[in-house]
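Single-letter residue listing:
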Amino acid sequence: MVSFDTIINNGRWFDGSGAPSAVRNIGIRNGHVAAISTADLDETDCRRVIDATGQWVLPGMLDIHTHYDVEVLVGPALTESLRHGVTTVMLGSCSLSTVHVDGVDAGDIFGRVEAIPREHVIGAVDTHKTWTNCEEYIAALEARPLGPNVAAFIGHSDMRAATMGLDRATQKRQRPTRREQAQMEQWLDEALRAGFVGMSSQQLLFDKLDGEVCRSRTLPSTYARPRELRRLKSKLRRTGRVLQSGPDIENPLNLGSQVFQSLGIFRNPLKTSLLSAADVKSNPYAIKLLGPLARLVNRLGGNFRWQHLPVPFEVYADGIDLVVFEEFGAGAAALHLRDEVERNELLRDEAYRREFRKQYESKFGMRVWQRDFFDAEIVACPDESVVGKSFGQVGLDRGGLHPVDAFLDLVLEHGTALRWRTTISNHRPEVLKKLARDPGIQMGFSDAGAHLRNMAFYNMNLRLLRHVHEAQQAGSPFMTVEQAVHRLTGELADWYRIDAGHLRMGDRADIVVIDPERLDESLQAYAESPVEQYGGLSRMVNRNDDTVRAVFVAGRAVFLDGEPTDVVGAQRTGRFLRAAHKAPAQAIQESELSSVS
């Protein structure tokens, strides 16, 4: 009898379909699940045996919304996701990808929008770009030591900037010529043939460009007119691929059209994943409309989902460097200025402060941030007397200063040494429970790989499992663990049509072993870790190493007891997952297996 490479004994096995779990022994051979049995498996010559008694054995989890497009070039192991049991990540979100643009344009597009230092974006793309089309891009990724599997959208802003030039692509009066429109359509065809899951676009207007020439303009896709979008979307309709998009939240007509575009009527439905379903503090009633709206569209024949982060959306900021300030004029004006002297001069100006206070206090219009400096805690500052206080309280302590003035004064005094936090949305546990069950909502929107100093949701899947597990233990369940696992694995993989998210006989052995007793408060702990590839920049991460016992990608151990194995960053374990394709077996050399035994 042929021996197994790995055996996982006595774990509670979840197959990713939502079916009842059961205690089983799992045998892995040649990167695939070769046995699922109640009987003991033959351990003769087996290189690794894991006793998973009391543990959960799950399919590797998916992260459908990341911005790893830059990091995958310089740090393809993507360990911050792997360590939390995420074995498949999606690139190309929010109209941003690196398939066609050069380094400088990529730096301008990613740098400010995703808060990844522009110079590192330029260096990564210019150093590693060897591709000219999607197939070559896939080959380039698979030539690197990928940690997790990768799937991808092609970014509309990527194609538009590369076709028209970033300057023309971000001017209101400029339209693509017929040749340029045809080029974008050809590139989209190539991407879909290559197995990209679809196209991402973006109409949200507070995402701003970096650089000099186009600084503070919105993303290229926001300048596209309906005809350009219709022609691109028609290709997604015909192929059954996905449009990921973000609406202009200040324009109800745009939001409505983005939702109802999913309907087919006399044509194919357009699979649409829209950003995002969030219980925002700034408008506690909006969330009540989103679920019913998705269900209505789907009942009428659409295929629509909201993306949702299933945990409180807590963000941190260094001084005024936070993307939420982009959504109103005074905040955007400060972020437009890169020179610290110029910016500080602006922050001191009384006319500017009056305008900031006016916009801060305005109750009109849609917004993401609740604009409440009493709901913003200072967590680090050279002036220790303010740590632990809100900016509103600091204002009161300083003789009744307006909260805006207290904030701006501290920014002037301490710059980026002033660190603070606030929770923008998803703050009500009961609302989160309802969203977790809603069939029109899918779990995602981690933004992994972006906003490095602002937030960390790499372990969001584990945090949802904790929420479900604790509710069960308290005798007030809102969904079963099996349903939660399905929502984080098989449901996502099936909707995006990629070969992942299941743990059945013959499936690729992407597996995570979790200790349910350690689904605890450690999941919420604050942590930072340097990014070597970004000059040692310290980014926010999650650290709950006792929760995840083991992680396998294609049958190969990548994390064991919170530590990466020798193959991570040295050998490729993941692959590019092509939509609507079964991933073939990945050859594993004898030397590779022995190196991780």
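All values reported here derive from a predicted model rather than from experimental measurement.

So, how was this worked out
Residues numbered from 1 in each chain as written. Predicted model: local features only at pLDDT ≥ 70, side-chain atom pairs only at ≥ 80, totals over all residues. Heavy atoms only, no water. Helix = DSSP H or I, 4+ residues; strand = E, 2+ residues; numbered from the N terminus. Rg over C-alpha atoms; globule rule 2.2 N^0.38 Å. Buried < 20%, exposed > 50% of the residue type's maximum accessible area, 1.4 Å probe, protein only. Contact = heavy atoms within 4.5 Å. Areas by Shrake-Rupley, 256 points an atom, 1.4 Å probe, with all protein chains shown as cover. Lys, Arg positive; Asp, Glu negative; His and termini not counted. Charge placed at Lys NZ, Arg CZ, Asp CG, Glu CD. Pairing = 2+ DSSP bridges. Axes fitted to C-alpha atoms, helices over the stretch in contact; angles between N-to-C directions. UniProt positions renumbered as here; feature names shortened; annotations may be inferred. Expected span 1.5 Å × (residues − 1). Arc of directions from axis to C-beta. Polar contact = N/O pair within 3.5 Å; in protein donor to acceptor, adjacent residues only side chain to side chain. Salt bridge = Lys/Arg side-chain N within 4 Å of Asp/Glu carboxyl O. pLDDT = per-residue confidence, 0-100. Phe/Tyr/Trp six-rings, centres within 6.5 Å; stacked < 30°, edge-to-face > 60°. Lys NZ or Arg CZ within 6 Å of the ring centre and 35° of its normal.

Participant: Give a description of the overall build of the chain that names residues and reports values.
Facilitator: Check the secondary structure of the chain and you find 21 helices and 22 strands. Its C-alpha atoms give the chain a radius of gyration of 24 Å, within 12% of the compact-globule value 25 Å for 597 residues. Principal axes of the C-alpha set define a box for the chain whose edges measure 80 × 60 × 50 Å. Counting over 597 residues, the chain shows a buried share of 61%. Counted over contacts in the chain with a minimum sequence separation of 6, partners at least 24 positions apart contribute 75%. Carbon together with sulfur atoms contributes 50% to the accessible area of the chain, which is approximately 22500 Å² in total. Here the chain contributes 71 positively and 78 negatively charged side chains, and the mean placements of these two sets differ by 9 Å.

Participant: Kindly report on the sheet that holds strand S13 (residues 313-318), identifying the contributing residues and their values.
Facilitator: Taken together, the three strands give an open sheet; going across it, the order is S13-S15-S14, and neighbouring strands pair in antiparallel fashion. Every interior strand has two partners, whereas the edge strands, S13 and strand S14 (377-380), have only one. Neighbour to neighbour, the strand axes of the sheet diverge by 35° on average, direction disregarded. Taken together, the three bridges between S14 and strand S15 (residues 419-425) define a ladder with antiparallel strand orientation. The residue of S15 that forms the bridge with Ile 378 is Trp 420.

Participant: Please provide a residue-by-residue account of the UniProt feature "domain: Amidohydrolase" (unreviewed entry) in the chain, values included.
Facilitator: What UniProt calls "domain: Amidohydrolase" (unreviewed entry) maps, in this numbering, to residues 48-221. Taken end to end, residues 48-221 is 38% helix and 16% strand, and its two terminal C-alpha atoms sit 49 Å from one another.

Participant: Give me the lowdown on helix H14 (residues 350-361), citing residues and values where you can.
Facilitator: For H14, built from twelve residues, the straight-helix expectation of 16 Å at 1.5 Å per residue is met to within 8% by its first-to-last C-alpha distance of 16 Å. Among all positions of H14, only Tyr 352, Arg 353, Phe 356, Arg 357, Gln 359 and Tyr 360 are buried. Buried residues along H14 cover an arc of 165° about the axis, so they all sit on one side. Where the residues of H14 are buried, they touch helix H12 (329-336), helix H13 (340-348) and helix H16 (403-414). Regarding H14, its N-cap is Asp 349, as a side-chain oxygen of that residue lies 3.2 Å from the backbone nitrogen of Ala 351 further along.

Participant: Explain the pattern of salt bridges to me, and be specific about the residues and the numbers.
Facilitator: Following the criterion strictly, the structure yields 43 salt bridges and no others. Glu 185 serves as the salt-bridge partner of Arg 231, at 2.5 Å between the closest nitrogen and oxygen. Of this pair, Arg 231 sits in helix H9 (residues 226-239) while Glu 185 sits in helix H8 (residues 178-194), placing them 46 residues apart in sequence. The class of Arg 231 is partly exposed, set by a relative accessible area of 36%. Look at Glu 185 and you get buried, because its relative accessible area is 10%. Note that Glu 350 and Arg 357 form a salt bridge whose closest N and O atoms lie 2.8 Å from each other. According to the relative accessible area criterion, Arg 357 is buried, its value standing at 16%. The network of salt bridges with shared partners includes Asp 499, Arg 504, Asp 507, Arg 508, Asp 510 and Lys 582.

Participant: Mind laying out the confidence of the model for the chain, listing which residues take part and the relevant values?
Facilitator: Averaged over every residue, the pLDDT of the chain is 95; the share at 70 or more is 97%. When the criterion is pLDDT under 50, residues 587-597 qualifies, and its contacts beyond four places in sequence or with other chains add up to 19 contacts.

Participant: Give a detailed account of the sheet that holds strand S12 (residues 304-308), specifying residues and quantitative values.
Facilitator: Spatial ordering of the open sheet is given by S6-S7-S8-S9-S10-S11-S12-S16, a layout of eight strands whose pairing is parallel. Both outer strands of the open sheet, strand S6 (61-63) and strand S16 (441-443), are each paired with one neighbouring strand and no more. Ignoring which end each strand starts from, the neighbouring axes of this sheet average 30° apart. Where S12 lies against S16, three bridges are found, and the strand directions are parallel. Considered in S16, the bridge of His 308 is made with Met 443.

Participant: Quick one: what's the story with the side chain of Arg 83, residue by residue and with numbers?
Facilitator: Looking at the secondary structure, you find Arg 83 in the loop between helix H2 (79-82) and strand S7 (86-91). By relative accessible area, which is 12% here, Arg 83 ends up buried.

Participant: I'd like a description of the pairing of strand S3 (residues 32-37), backed by residues and values.
Facilitator: Each regular strand displays side chains that alternate between the two surfaces of the sheet. With five bridges joining them, strand S2 (residues 22-29) and S3 adopt antiparallel strand pairing. Among the inter-strand pairings, Arg 29 is bridged to a residue of S3, identified as His 32. Where S2 folds back onto S3 in an antiparallel hairpin, the turn is made up of two residues, including Asn 30, whose phi is positive at roughly 55°.

Participant: Can you break down the packing of aromatic side chains residue by residue, with the values?
Facilitator: Applying the stated criterion across every chain yields a total of 26 aromatic pairs. On the numbers, 5.3 Å between centres and 40° between planes, the contact of Phe 313 with Phe 457 is tilted. With Phe 313 in strand S13 and Phe 457 in the loop between S16 and helix H18 (460-473), the pair connects residues that are 144 residues apart, well separated along the chain. Assigned by exposure class, Phe 313 and Phe 457 land together as buried. Here the aromatic cluster, defined as three or more aromatic residues joined through ring pairs, consists of Phe 325, Phe 328, Tyr 352, Phe 356, Tyr 360, Trp 369, Phe 373, Phe 391, Phe 407 and Trp 420. Seen from the ring of Trp 495, Lys 271 lies directly overhead, with NZ or CZ sitting 4.7 Å from the centre.

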